[in-house]
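# A closer look at the structure
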Amino acid sequence: MAAGNVQTITDPFGETWAAWTDGTDVLLQSDAAGSSPITCFSQPVSDGQIAFERDGSGRMYITYLDAGGARVTKYSDLDGDAGSWATL
Amino acid sequence: MAARGVANLVITDKRSDGYPTSQSWGMDWVMSDLARGANRPGAYQNDAGSVPEWELIGTRAVPALNAVILQPIFAAGDMDLDDWTQEASTYFKEVQPTGFDSAWLKYYDATEDQYGTLRSNSALTINPSWALNFLRAQPAHDQAEPVAISITVGVQASMQYQLYIPQRWIAGAAAPDSRYPSLWKSEDTGATWSLVDECRHEGARSWAQEAFDRPTWVWWLTLGDYLVIYLGDTCWVYHEAGLEIPAGMVEVTIEGGQAAFQMEQIQFTPSGTIERLVGIIPPEYITDDPDTIDTLGDVDDQRTIVATMETAGDTIWPKAALATSDPYHTPVLYAIQATREAVYDEGDASLLFDNVVNAGDKGKLHNLRWTIAQDWRGSSFSGKLLTAQGYDEYGLTGNERAQLSISLDTTPPVYHVVGTGYLVAPEYPRDPQLPSNEVIELQFRDRLSRLERKAVGDCPAFDGWYLSDALNWLFCQIGGVDPAELLLDDTATEYQFAWAPGSLNLKFDAQTRVVDAADQICRAAGRTWGVDQLGQVFTATSGDADYDGTPDYTLDESTVTEEDHIYPVHTAQDVSQARNQIVVLGTDAAGNEVRACWRMTDSMSNPTSSPYLGDLACDVMVCPPGADPYLLASLQGRRLATAAQHLIWQTNGKPNLLPGMFVAVTIGGIGVSPGTVMRIIESQGSLNEQGECASAFCAVAV
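Residues take numbers from 1 onward in each chain, read along the sequence in its written order. Written order determines the labels here, with chains lettered from A and ligands numbered from 1. This being a predicted model, a pLDDT of at least 70 is required before a residue's local features are given, and a value of 80 or more before pairs of side-chain atoms are given or counted; all residues contribute to the totals for chains, interfaces and linings.

### Quick word on the overall build of chain B
Put simply, DSSP H or I for four residues or longer makes a helix, DSSP E for two residues or longer makes a strand, and each gets a number counted from the N terminus. Across its full length, chain B holds five helices and 46 strands. Neighbour density around each residue's C-beta defines its exposure: 20 or more other C-beta atoms within 10 Å make it buried, 12 or fewer make it exposed, and counts between make it partly exposed, where C-beta atoms are placed from the backbone. The buried share of chain B, reckoned over its 702 residues, is 41%. The long-range share in chain B, meaning contacts at least 24 apart out of those at least 6 apart in sequence, stands at 71%. Note on contacts: residues are paired as contacts if their backbone-placed C-beta atoms lie within 7 Å.

### Some words on the interface of chain B and chain A
Where interface size is given, it is often the accessible area lost as the parts come together that is meant. On the side of chain A, 13 residues touch chain B, which itself brings 22 residues to the contact. In this classification, Asp, Glu, Lys and Arg are treated as charged, Ala, Val, Leu, Ile, Met, Phe, Trp, Tyr, Cys and Pro as nonpolar, and every other residue, Gly included, as polar. Tallied by class, residues from the side of chain B that touches chain A come to eleven nonpolar, eight polar and three charged.

### Considering unusual backbone geometry
Residue and element names in this part refer to chain B. The peptide bond linking I165 to P166 adopts the cis configuration, its omega dihedral lying at -10°. Looking at the secondary structure, you find P166 in the loop between β14 (160-165) and β15 (182-186). Phi is positive for T189, close to 55°, though the residue is something other than glycine. Even without a glycine there, the phi angle at W376 is positive, about 60°. You can see W376 is positioned in the loop between β30 (363-372) and β31 (380-387).

### Brief notes about the domain arrangement of chain B
With domains assigned, chain B is organised as domain 1 (3-22 + 346-446), domain 2 (27-72 + 271-340), domain 3 (81-265), domain 4 (451-541) and domain 5 (547-571 + 644-702). Source of the domain bounds: an automatic or database domain assignment. The centre of domain 3 of chain B, based on its C-alpha atoms, is set 48 Å off from the matching centre of domain 4 of chain B.

### What to know about the sheet that holds strand β41 (residues 593-599) of chain B
Residues and elements named next belong to chain B. Reading across from one edge, β41-β40-β42 is the order of the three strands in this open sheet, with mixed pairing throughout. Edge positions in the open sheet fall to β41 and β42 (618-622), since each of these has one partner strand only. Geometrically, the sheet is characterised by an average inter-axis angle of 20° between neighbouring strands, direction not taken into account. By the convention used here, strands pair only if DSSP detects at least 2 bridges between them. Sheet topology places strand β40 (residues 581-587) next to β42; five bridges connect them, and they run parallel. If you follow Q581 over to β42, its bridge partner there is C618. Throughout, an axis means a line fitted to C-alpha atoms (over the contacting stretch in the case of helices), and angles, computed between N-to-C directions, take values from 0 to 180 degrees.

### Remarks on helix α2 (residues 467-478) of chain B
Residues and elements named next belong to chain B. Take the residue count of a helix, subtract one, and multiply by 1.5 Å to get its expected span. For α2, built from twelve residues, the straight-helix expectation of 16 Å at 1.5 Å per residue is met to within 8% by its first-to-last C-alpha distance of 16 Å. Judged by how many residues are buried, α2 sits mostly within the fold: ten of twelve residues are covered. Elements in contact with the buried residues of α2: β35 (486-487), α3 (514-524) and β37 (537-541). Immediately downstream of α2, the backbone of G480 shows phi near 80°, a positive value.

### Examining the sheet that holds strand β5 (residues 51-54) of chain A
Pairing between sheet strands relies on hydrogen bonds along the backbone, with the strands arranged either parallel or antiparallel. Residue and element names in this part refer to chain A. Pairing within the open sheet is antiparallel, and its four strands lie in the order β5-β6-β7-β8. Of all strands in the sheet, those with a lone pairing partner are β5 and β8 (86-87), marking the two edges. Judged from the two bridges that link them, strand β7 (residues 71-76) and β8 form a sheet pairing that is antiparallel. Residue Y75 lies in a different strand from β8, and its bridge partner there is A86.

### Topic: the environment of B:Q577
All names here are of chain B. With respect to the helices and strands, Q577 occurs in the loop between β39 (565-570) and β40. With 17 C-beta atoms counted inside 10 Å, the residue Q577 sits in the partly exposed group. The sequence separation of Q577 and A617 amounts to 40 residues, and the corresponding C-alpha distance is 9.4 Å.

### Describing α3(B)
Spacing of three or four residues puts side chains on the same side of an α-helix, whose turn is 3.6 residues. All names here are of chain B. Within α3 the residues assigned to the buried category are V514, V515, A517, A518, I521, C522 and A524. On its buried face, α3 is in contact with α1 (448-451), α2, β36 (527-531), β37 and β42. Just downstream of α3, G526 is the residue with a positive phi angle, here 70°.

### Details of the pairing of β14(B)
All names here are of chain B. With six of six residues buried, β14 lies mostly within the body of the structure. Because side chains alternate across β14, one face comprises the buried residues Q160, Q162 and Y164, and the other comprises Y161, L163 and I165, equally buried. Bridge analysis of strand β13 (residues 148-155) against β14 gives five bridges, and the strand direction is antiparallel. Pairing of S150 across the sheet is with Y164, part of β14.

The structure is reproduced here in structure tokens:
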């Protein structure tokens with residue numbers, strides 16, 4: 001069971017995505033059959049709070065507060081594939 | 001001294017040519033009638049293509065092509081990524097879009113400048129038809145170009161076609177107009193591509209701005225020489241003569257964002273029918289149903305169309321059965337044509353009069369005149385017949401067939417036929433110098449006198465027919481000309497009229513005269529037609545025959561007697577026939593539409609030119625398929641510009657000289673340069689009561 005708030009969103013292609021943090025990493029999982037959680041990137045805060053969004057192009061955005069309390073947004077063009085997240 | 005001549009006039013029964021006991025009949029049904037049918041690709045699961053006047057079972061109308069095909073089947077099953085090989089990217093996966101119960105393949109890289117390609121592991125058949133549904137994500141807010149999808153068929157073959165939605169971008173070229181789908185072709189295994197068509201017709205959506213977040217249906221139907229491409233609500237037809245798409249893999253490339261698709265080669269239901277729901281009651285002048293029912297369509301050994309005429313009581317209607325043993329290809333039906341040939345009675349060629357046979361006792365001819373017209377139309381002959389027994393002796397009332405032959409008074413006589421025609425209207429004038437009413441004035445006109453009285457009626461369209469068959473139908477089936485008296489030029493059996501799906505350009509209204517229809521048919525085929533002195537209908541290509549170097553007659557000092565009267569005339573007589581500009585509408589070897597133009601500008605401005613018209617006199621012609629429009633313009637121009645110098649020449653009897661023959665002029669002092677060769681374009685003759693035979697000719701320099 002994931003820790004923290006679970007954010008869900010359905011993309012234009014019918015996939016429903018869930019994003020959450022387990023206190024260490026930000027994870028993402030599709031509802032497609034056989035899908036496993038994807039570890040997107042390490043989450044340096046401990047409160048488990050993230051915001052998950054997508055735009056019409058399919059790009060994914062995850063926003064969180066870093067250790068200094070600054071708001072950070074990372075995005076991925078690759079449906080959350082690990083290692084593809086860049087800071088906006 | 002005038003030459004003396006003798007005549008032979010033979011008159012036979014009105015029924016000499018036979019008469020129809022059952023007349024010809026032809027009807028056409030063009031599949032453009034079905035254009036009102038619902039034909040959205042999304043309606044493929046039923047036979048909703050039926051329209052009130054037709055019933056379609058297992059078949060579907062293709063209104064954009066004016067055609068009917070077998071019902072396409074698109075199963076829309078699960079896509080399996082294992083059936084494809086990822087090229088240039090690994091970012092494809094299987095998804096199930098909302099509202100669909102089957103798996104699609106999604107390209108999930110949303111990066112603007114990236115793309116991914118899937119190549120099928122199995123090949124499509126030759127000339128494939130396929131369906132593809134795709135769903136595009138919107139462009140990112142900072143992205144200029146929309147997501148594009150392209151489908152390439154015939155991959156790894158030398159000839160490949162590619163549908164690009166929207167426009168393809170060519171490296172190094174100006175930014176593409178991304179609004180429209182485009183069709184590309186490569187003839188070198190994909191090394192270079194050229195744009196062959198765009199979907200820009202009215203109503204085409206802007207593919208840069210629409211069709212996001214909802215699926216778009218694409219149907220690609222390869223039907224003969226046509227590609228019929230449905231893009232959502234838009235239909236687009238591409239034509240290429242000899243179109244052939246090789247069997248090969250298919251590639252789907254998604255570029256500039258996320259998109260998903262499902263794709264499958266279309267199959268066709270094995271058989272289906274189209275049947276007319278509106279019947280026809282045939283006219284009374286045919287004795288049976290049409291005996292031939294044919295189709296215009298695209299068929300082969302595996303793809304067949306069999307048309308039949310259904311009957312219920314007095315009513316008939318057409319039905320066509322389409323079938324294929326090749327599930328990936330369908331026959332294509334464009335038109336149904338039903339015909340029935342006329343049945344002619346042999347007639348009655350009983351002799352009514354022969355002045356040689358009857359000479360001395362019953363009949364005597366005098367004041368004979370004959371004219372053979374310049375265009376071999378409307379030739380005529382006339383004379384007076386003295387009868388010993390009175391008006392009723394020969395029972396002549398009009399429309400009897402006759403032939404007039406003339407011989408110089410030699411032993412034995414050598415007769416030359418100068419006219420074959422039909423009695424127009426015998427007149428019985430009262431001659432006060434004769435003891436009783438024994439003079440009949442006879443006028444005969446050539447076969448036009450009969451043809452001009454015939455309308456084509458229910459005549460089949462001649463699109464796709466050979467010229468010889470079309471003229472046979474007009475002149476023999478309807479016109480009553482004995483096929484043995486129809487002399488077609490050597491290539492008339494090889495000339496085939498083109499046809500375009502859904503349109504019949506050679507379909508005549510029922511009230512059209514046979515003569516007018518024949519004119520139109522011949523003009524379309526670059527021919528002329530006429531009726532010769534023997535009564536035969538003939539066709540000729542490109543006007544007059546060329547001079548072969550041997551004249552039929554030489555006008556020299558020894559032939560010019562005191563009876564000869566020669567009047568040269570320059571231009572004035574016949575400017576009506578002259579042209580100084582010919583435009584031929586056609587297609588060049590590269591397939592470009594051209595307006596081939598032949599001009600003689602001097603003719604408009606230079607009084608010393610020949611012919612000098614001082615005006616624009618122009619004709620526009622349509623080039624027959626396969627002909628060279630430039631060559632045709634040049635030939636026709638030179639022919640029509642030669643009506644410059646005429647010679648009118650009266651002489652004693654020369655009944656053997658006819659229009660089309662060549663006269664070499666070697667004498668001087670008559671206004672025609674010695675050495676000029678002239679073509680006789682019209683001839684006249686007479687034989688008076690004293691037996692004096694004279695001729696007059698009009699000739700034109702060649």
